[in-house]
Every structure is written in C-alpha cells, then in structure tokens.
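# A structural walkthrough
Each chain, written out:
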Amino acid sequence: CSESYILRSDPRRFLSQIQLFEKVSGSDNISVSTEYSYLDENNDEHYWIDIALANTLPHYALEQTTKLLFLHSFDVMRAHLDNVSDGDNGTITLLRMLVTPVNGAKGNEATFNLLQQELKRCKWLNDSTMELVFETHPWLGVRRGEIITAMAAIMHPIMSKQNAIAFSKGNILETITKDRYIKHAAAIVDLFLERFNPKGPLSDEELEAKSKELLSIIDNEVEDTSAQALLTKMIDIVKHTLRTNIYMNNRYALGLRLDPKIMSSEDEAPRETPYGVIFVHGRRFDGYHTRFRDIARGGMRLVTPASPEQYALESAHQYEECYGLAFAQQLKNKDIPEGGSKAVVLINNIGMSGTGKDFVMRKSVKAFTDTILDLIVDTEETREEVVDFVGKKEVLYLGPDEQVTPEDINWVIKRAKQRGYDTPAAFMSSKPRAGINHKEYGVTSEGVNVYLDVALRHVLKIDPKQESFSIKITGGPDGDVAGNELKILAREYGDNAKVVGIADGTGCAEDPNGLAWDELLRLVNDNLPIDQFNPSKLGEGGAVHTVDTEEGVKARNSMHNRVQADAFIPAGGRPNTINIHNYKHFLNPDGSPSAPLIVEGANLFVTDEARQLLFEEAGVVIVKDSSANKCGVITSSYEICAAMMLSEEEFFDNKDQIVSEVLNKLHNYAQLEAELLFREFETYGGSLPQLSKVVSDAVNAATDSLSVALESFSAEDKEKLLPLFRFHLPQTMADMSFDKVHERVPAQYISNAIASCLASKLVYKEGTKFVNTLPKEKLASVALRYVE
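Residues numbered from 1 in each chain as written. Predicted model: local features only at pLDDT ≥ 70, side-chain atom pairs only at ≥ 80, totals over all residues. Heavy atoms only, no water.

## Points about the overall build of the protein chain
Within the protein chain, the regular secondary structure consists of 32 helices and 18 strands. Against the 2.2 N^0.38 benchmark of 28 Å for 788 residues, the protein chain shows a C-alpha radius of gyration of 28 Å, consistent with a compact globule. The principal-axis extent of the C-alpha atoms belonging to the protein chain is close to 95 × 70 × 65 Å. Burial status across the protein chain gives 57% buried among its 788 residues. (Helix = DSSP H or I, 4+ residues; strand = E, 2+ residues; numbered from the N terminus. Rg over C-alpha atoms; globule rule 2.2 N^0.38 Å. Buried < 20%, exposed > 50% of the residue type's maximum accessible area, 1.4 Å probe, protein only.)

See the structure below:
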C-alpha cells in the first residue's frame, strides 16, 4: 500500500482494513464492516463504514455506494478510497466512509444489516436494477428490484414471440414498473421471496392459494391486456422456479433453476422439452444454461452485440439460440455419457473501450459460473440458504465456446474447487495444462474431414486421394475448425484439394483455381485472418475483399452463396445464416446449387427448414452439424473422464499418448456414423439431415431405455457391463486408473457411460431400422442380450 494510506490510518483501523482485505483477497467478493465513531462530544451519531471490493472499477464503487447511502438517509461526511494490489488476482478497492443519519434515520443494527447486505449487492447489480431502486421506486429495496428486472429479462424471449414490439425488453420493464402496476409486481416478488424463504418456505398448496389471490386482484384491477399478461407471466415464473440463490449473502448474481416448461410459448409448435434451464441475471449480462439430460455437458459462449439494435435482437432470440445449440449438442452427444447442454451469456459492453469490454466479459463469466455453482453444490451454506424444489442433486459440466479464454477456464475450475463441487477439474473442460486443446489438436476438424471424405466418395463419386475437388469455407485461417480443416486438407489431399473461397469476420479471399496453399498455411500457422492473404499469391480471377469498404462487406457476406465449389464447409459464422428466407441465394439462376454438398463444421449455420428445401429443390446433400462436428464434444467428454480418473500430473505426463489414442477413437466414431448414414441414405432415401437426426434419436432412445433398466440392476450385474465403459476410454487412461473407477467416478455417470456405449455400438452395427422397430419396453433387454 501507499505511504499516504498508512499515514491516514490509525493502527486499530489499519488492522481492521487488513482483515477486510484478507476476507476478499484471491476472490471477487465484497466485505463490509460498520462501527460507531465518536467524532466529538456533542454528536455521537457518526459511523465508519469500511468496504473492501475485489476487482471493481473504483469510481463505480464510490458512485454506487454513495447512492445507496443516500437511499438509506445517510450523509457522507468524509471518504477515503485506495486501490491496493492483490497480486495475480488483480486489485482490491478499499473504501472508508464517515457517515451520519439524516431525516430521522437511525443507525441501528437492523439498518446496518440491511445496508451491509445491499452494499454487497451493488457491485453486481445491473444498471436497470439500480435505476429502478435508486431513482424510480426507492421503496422497493435492492432485493425486490433485482427480482423484478430478472423476471422482465426472462419474459422477453417468451413474450416477444407473441408481439415483438409490445413486448420488447424495454417495454416489458417499463410496463410492470409503471406507477399503476408496480404494487402488483412487488406483491408477486414478495410471493417469490416467501416461496424461497429458508426460514419457512411456502408449500405447494400455500403457493397455489396465494397465486390465485394475486391473479384475482390483477384480473379486477388491471385493465391493460399487455400489463395483465406480463403480471400473470410473473406469477408463472414464481410457480416454475425450483431453486434460487436469492437469499445467499455473497452471491455474484441472481440465479433461478427453472422448470423448462415456463420457456414455452402457446403459439409455438410442439418440441422436445429440456431437462432443466438455469437463468442468471447479473451486472451487464443475462445468461441461460439449458440441458437435455440430468448429467450433461456443453460449451459456454459469450455474445457481445456491437449496437443497441443488435443487442435487442439477440435478447429476443437468446433462449432460442441456447435451446437450439443445446438440442444440437444432445443429438451429437449420442456417443458419450453426458447429455447435451449449452450456455449462452448475452453481455452488454456496447460503447466501451477494448479494455473495458474485456473487463466486463471476464466479470460476467465469473458471475455466471459462480451462480450456477450456487444452485448445484451441496454445502452447508447452500443447505441453509437455498430452498430446493428439484429434489435431487444436479451434475453438469461446462466447456469453452466463443470468447471464453484460458484464464476464464482456470478461474472457473479454481472456483469450483473453492465452492465444494465434487469434481472441480471436470466442471469445465479444456484446462490449458490438463485438457485437450481443441484448436491445438484439431479434434473437431478431424471428424469433419472424415464426413467430407465419405461424402465426396458416396455423393460426388470423387476419390479425394486421387482426384481434384473444390471447396469453400466460412471461418478464418485463424479459427479452430476452419484453420485446422485447412491443415487437414493439405495433409490428406495436397493439391487435389482446391480451396476456392474463404470468408471470416475480416473479409474474404477467392480464387477459382484454388487459393495458394503456401499462403493459406502461412495464415494458419501465424494465426492470422483471411484479410491478411497476400494478393500477389492470387491467380487469374482471384480477389481479396476486406470489410473496411461497403463492397467488401457485400462480397464477404455473399461468398458462401456466390462461389462455385464441389463442397461447402461452414466452419464459422452466426447461427441461421442460411434460413427459409434466403436459402435460394445459395442456388444459381438455373436452380442448381453453388455447391451440391455441405458438411456442417459449425453449429446451426443452416436452419432445419432451409436444409430440407435445399435438398428438395436442388438436391443438396447436407451432413448435419450433430454428426459432422461431434468429435469436439467426444473429446471434451474424454477430458471430463480424465479429470475424474487421473491427477493433473498423471494426465500431463502421459498426455501425448492419451491424445494420440483419443484422435484414433474420434476417427473411428466419425467413420462408423458416416458409413451408417450414407448406407441408409442410399438404401432408404430421404434427406441426410433427417437421417442424422434418426441416428441420434435411435442412439439416445436406446441409451435412455438402458439407463432406466440399469437402475434395477444389482451391483454385481452392473459390474459385468463395466468392460463397455473401459473399452470406450483411451487405453492408457483405462490402464492407469480403471481399477479405481468406483472411487473416482459418480455411480450415475458410470451407468450413463455403460448405457451410451452399448446403445451406440448397437445402432452403428445393426442400423436404425432394427432399433426403431423394437418396442420400447423390449429395447433394453434386446441390447443387453446383444452384448452377451
């Protein structure tokens, strides 16, 4: 600390500050203390409030603290602010404020308890919440205001399907906080707080009775149909919340474990309901985690729109994107013990500097993941402060996706350990030292290329080892899937593979004779985007377009449609790029496709409707994402197994051999499914994306039936099936640790592993028709006889 800091502090208060510092050091927490200060003999109504805030913006901390003190009728007489280094963890802001109550306020224990609680929340509150509780309706208090803004955020993707304008995010919050309706919103929030009060939660019967009372009042007193619909939906949210961390004193954000049915709209077509949804509402972000099975894994992506208009659009579609990605993950997770899940965190860092944007993103990752831990760890703290209506322990695993950094991964794993998660090293995959870096080893692209190879041979009758073929790609040379696919194409086919077009966020490069391989590989190896392609390396008719001109933007955005090729690999780009409204742009004027084959390296690049129409109208054969890029999730599953079964040192010492074995298994899983897909495509017809889903559904149905059947098995009978799980693992990993599998791996995970291994083995060998013709009640018994 600075010399001036020491000179301004008397020894007793300096020691008090050290205690606060130590409480938050190494974390992102906040600690608060209050004490009397006898400033002079005429007035003893002065108090010192000391606050230590880890990793916050000092001016923001001072501004919000003074606002909250004003709200509680305290005048600030003196303030000291210091920023102290916390080593690798960042900085700690120390605030010392001398305050006095005014306007009849009292500095009693109850006031200071509430003040301390709300001071801890201020760091993590969204701007909309602070405006609501500091300016619009101060009587609400921080806790109630936070619930109201969270419910408004949850309602946006649900209600906007009915009327995108009336139920925009801004209109929803404005409506429920109008003077005419705020008392009703507050009453609903009070119901929520009663339902989850650890000292005496409402029973289901009490909740139903009080909900009916509120609905009756709303029906009688609220005439505006939009307001009535929103207030009614708020009551539904209360009834569909199964867990929340609202009463946890040191939480980073507000989390709700929701019954997924709440996210459905009456107007939408029937679809599979997820197993669970978690919603997190925090400072400058809202996040969803959606999963389709009890034990599930999937990536966490950060979405950072560049403009308010784009942010509003992303907010309306956030849950749908999360659902779609999780469902795609469920389809592709068919070969592994974990079901499919996804997390999408929408962050508002619009208008910030690069440093500011990164600061907000890193804090959002911390708040989102720590809130998930609030809802799934079983500790003394959560048992005392979290009321549970789920009724069972929940297990989920995360992975990195867009804009998640290695530093994020390390923090999440460290935090999971601090919070008491059973297998912290497995909570997030791709840990730099103890993970299998997807980009470094190209695991997703290795699978994508297997499907490309099989498709070229079956669909276009091209032997890529012997004949020339052309390909276009979205995703840059510096990207994971696109960059590694370029390396694999060069490795496997050399000059036979002609890359005629590549587009990424910076622009596009095109050459009808194939872009120069030496230049493409230079960009890949130097981790550079496509706008860095050297124009002198272009052939006749080639061009490089960059997005710093309007013409360049148009060229980049249309490359995947314009450029003619034998195959197209979307290996990057936003979901739904090709959709029902623009799919014809992929076709030439004569109706033929600009590429007769698509292998989806990126998730959801083409919508279901567009896939089907491209096949029906132009004969485009599409290898769906849930098949083509499944090897990334298989690798992540192996990382989870390694984190449970090996120490970090054991994994690191044997990493090269384990990775080599994983790559062999990836090729095998991809080859098995690719051969099955095209065998059934050529035998039975239909579109390939539909067949891909049929394969996933057949494996998942068999897995579910087997999982249920295994619940009734004795430990001895389950033990006989353990070799299935052992064979699934890389041999080195199994040889080193399988004798301790029961000590290190949860029993439910082992059951899931046995079921998924047997199910995929059965389907890939016998085909989907065999499995789908079996009655559901006989599926498990047939599968078990099959393994015998």
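## Points about the packing of helix H17 (residues 443-459) against helix H23 (residues 631-645)
For the pair H17 and H23, interaxial distance at closest approach is 7 Å and the crossing angle is 140°. Of the possible angle classes, the one that applies to H17 and H23 is oblique. The way H17 lies across H23 gives a crossing that is right-handed. Two secondary-structure elements touch here, H17 through Val-443, Thr-444 and Gly-447 and H23 through Cys-631, Gly-632 and Thr-635. (Axes fitted to C-alpha atoms, helices over the stretch in contact; angles between N-to-C directions. Parallel < 35°, antiparallel > 145°, perpendicular 65-115°, else oblique. Left-handed = near helix turned anticlockwise from the far one by under 90°. Contact = heavy atoms within 4.5 Å.)

## Notes on the side chain of Asp-286
As for its placement among the helices and strands, Asp-286 is situated in strand S8 (residues 285-291). Side-chain polar atoms of Asp-286 contact the side chain of Lys-169, separated by 3.0 Å. In this structure, Asp-286 is in contact with Ala-153, Lys-169, Phe-279, Val-280, His-281, Gln-318, Val-344, Val-345 and Leu-346, ignoring residues within four places of it in sequence. (Polar contact = N/O pair within 3.5 Å; in protein donor to acceptor, adjacent residues only side chain to side chain.)

## Focus: the pattern of salt bridges
Taken as a whole and judged by the stated rule, the model has 61 salt bridges. Where Arg-301 meets Asp-401, a salt bridge forms, and the shortest distance between an N and an O atom there is 3.3 Å. In this pair, Arg-301 is assigned in strand S9 (residues 296-303) and Asp-401 in the loop between strand S11 (396-400) and helix H14 (406-418), connecting sequence segments 100 residues apart. Across the pair Glu-402 and Arg-301 runs a salt bridge, and its minimum N-O distance is 3.5 Å. Taken together, the residues Glu-402 in the loop between S11 and H14 and Arg-301 in strand S9 connect sequence positions 101 residues apart. The class of Arg-301 is buried, set by a relative accessible area of 6%. (Salt bridge = Lys/Arg side-chain N within 4 Å of Asp/Glu carboxyl O.)

## Re empty space enclosed by the protein
To locate leftover empty space, one rolls a probe as large as a water molecule over the atoms. Counting across every chain of the model gives 5 cavities of 30 Å³ or more. Its volume calculated, the largest cavity comes out at about 80 Å³. Every residue lining the largest cavity is listed: Leu-114, Gln-117, Glu-118, Arg-121, Val-142, Arg-143, Ile-246, Tyr-247, Met-248, Asn-249 and Arg-251. Only helix H4 (109-122) and helix H6 (142-159) provide two or more residues apiece to the lining of the largest cavity. For the lining of the largest cavity, the leading source of residues is H4, giving 4 residues. Looking at the lining of the largest cavity residue by residue, the class counts come to 5 nonpolar, 2 polar and 4 charged. (1 Å grid on protein atoms, 1.4 Å probe; cavity = no way out; pocket = protein on both sides within 12 Å on 5 of 7 lines; lining within 4 Å. Points joined across faces, edges and corners; volume = space filled by probe spheres on them. Nonpolar A, V, L, I, M, F, W, Y, C, P; charged D, E, K, R; others polar.)

## Examining the sheet that holds strand S6 (residues 254-258)
Taken in spatial order, the 7 strands of this open sheet run S5-S6-S7-S8-S10-S9-S11, and their pairing is mixed. A strand with exactly one partner marks an edge of an open sheet, and here the two such strands are strand S5 (241-244) and S11. Here the strands of the sheet are splayed against their neighbours by 20° on average, with no regard to which way each runs. Across 5 bridges, the pairing between S9 and S11 is parallel. By the bridge assignment for S11, Gly-299 is matched with Gly-399. (Pairing = 2+ DSSP bridges.)

## Structural notes on the pairing of strand S3 (residues 74-85)
Sheet topology note: the S3/strand S4 (residues 91-101) ladder contains 11 bridges and is antiparallel. The partner of Val-84 across the bridge, within S4, is Ile-92. Between S3 and the antiparallel strand that follows it, S4, lie 5 residues; Gly-87 among them carries a positive phi value of about 65°.

## Topic: the pairing of strand S10 (residues 339-347)
For S10, the buried fraction is high: 9 of the 9 residues fall into the buried class. Side chains Gly-339, Ser-341, Ala-343, Val-345 and Ile-347 project from S10 onto one buried face, and the interleaved Gly-340, Lys-342, Val-344 and Leu-346 project onto a second face that is buried too. Bridge count between S9 and S10: 6 bridges; the pairing is parallel. Each residue of the ladder has a partner; that of Val-303, found in S10, is Leu-346.

## As for the packing of aromatic side chains
Summed over the entire model, instances satisfying the criterion amount to 20 aromatic pairs. A centroid spacing of 5.4 Å and a plane angle of 65° characterise the contact between Tyr-288 and Tyr-319, whose relative ring orientation is edge-to-face. Of the two residues, Tyr-288 sits in strand S8 while Tyr-319 sits in helix H11 (residues 308-332), which places them 31 residues apart along the sequence. With a relative accessible area of 3%, Tyr-319 lands in the buried category. Here Tyr-421 and Phe-427 contribute two aromatic rings whose centre-to-centre distance is 4.9 Å and whose plane-to-plane angle is 55°, an arrangement assigned as tilted. By relative accessible area, which is 8% here, Tyr-421 ends up buried. Residue Phe-427 is classed as buried on the basis of its relative accessible area, which comes to 0%. The ring of Phe-389 is capped by Arg-195, whose NZ or CZ atom sits 3.6 Å from the centre of that ring. Sitting over the ring of Tyr-323, Arg-271 keeps its end group 3.8 Å from the ring centre. (Phe/Tyr/Trp six-rings, centres within 6.5 Å; stacked < 30°, edge-to-face > 60°. Lys NZ or Arg CZ within 6 Å of the ring centre and 35° of its normal.)

## Let's talk about the packing of H17 against helix H18 (residues 480-493)
Between H17 and H18, whose axes approach to 9 Å, the crossing angle comes to 55°. Taken together, the axes of H17 and H18 are oblique relative to one another. H17 and H18 meet at a crossing whose hand is right-handed. The residues of H18 that touch H17, namely those facing Thr-444, Ser-445, Glu-446, Val-448, Asn-449, Leu-452 and Asp-453, are Asp-480, Val-481, Asn-484, Glu-485, Ile-488, Leu-489, Arg-491, Glu-492 and Tyr-493. Residue composition of the contact of H17 with H18, grouped by class: 6 nonpolar, 4 polar and 6 charged.

## Some words on H18
Along its 14 residues, H18 runs 20 Å from first to last C-alpha, staying within 8% of the 20 Å computed at 1.5 Å per residue. Buried residues of H18: Val-481, Ala-482, Gly-483, Asn-484, Glu-485, Leu-486, Ile-488, Leu-489 and Tyr-493, and no others. Those residues of H18 hidden inside the fold are in contact with helix H16 (438-441), H17, strand S12 (469-474), strand S13 (497-504), helix H19 (517-525) and strand S16 (567-570). Looking at the residues trailing H18, positive phi occurs at Gly-494, about 55°. (Expected span 1.5 Å × (residues − 1).)

## Thoughts on the sheet that holds S3
Pairing is antiparallel in the open sheet, where 4 strands are placed in the order S1-S2-S4-S3. Whereas interior strands pair on both sides, the edge strands pair on one side only; in this sheet they are strand S1 (30-36) and S3. When strand polarity is set aside, the average angle formed by the axes of neighbouring strands in this sheet is 15°. Running over the sheet, helix H2 (residues 11-24) touches S1, strand S2 (47-54), S3 and S4 and is turned about 35° from S2.

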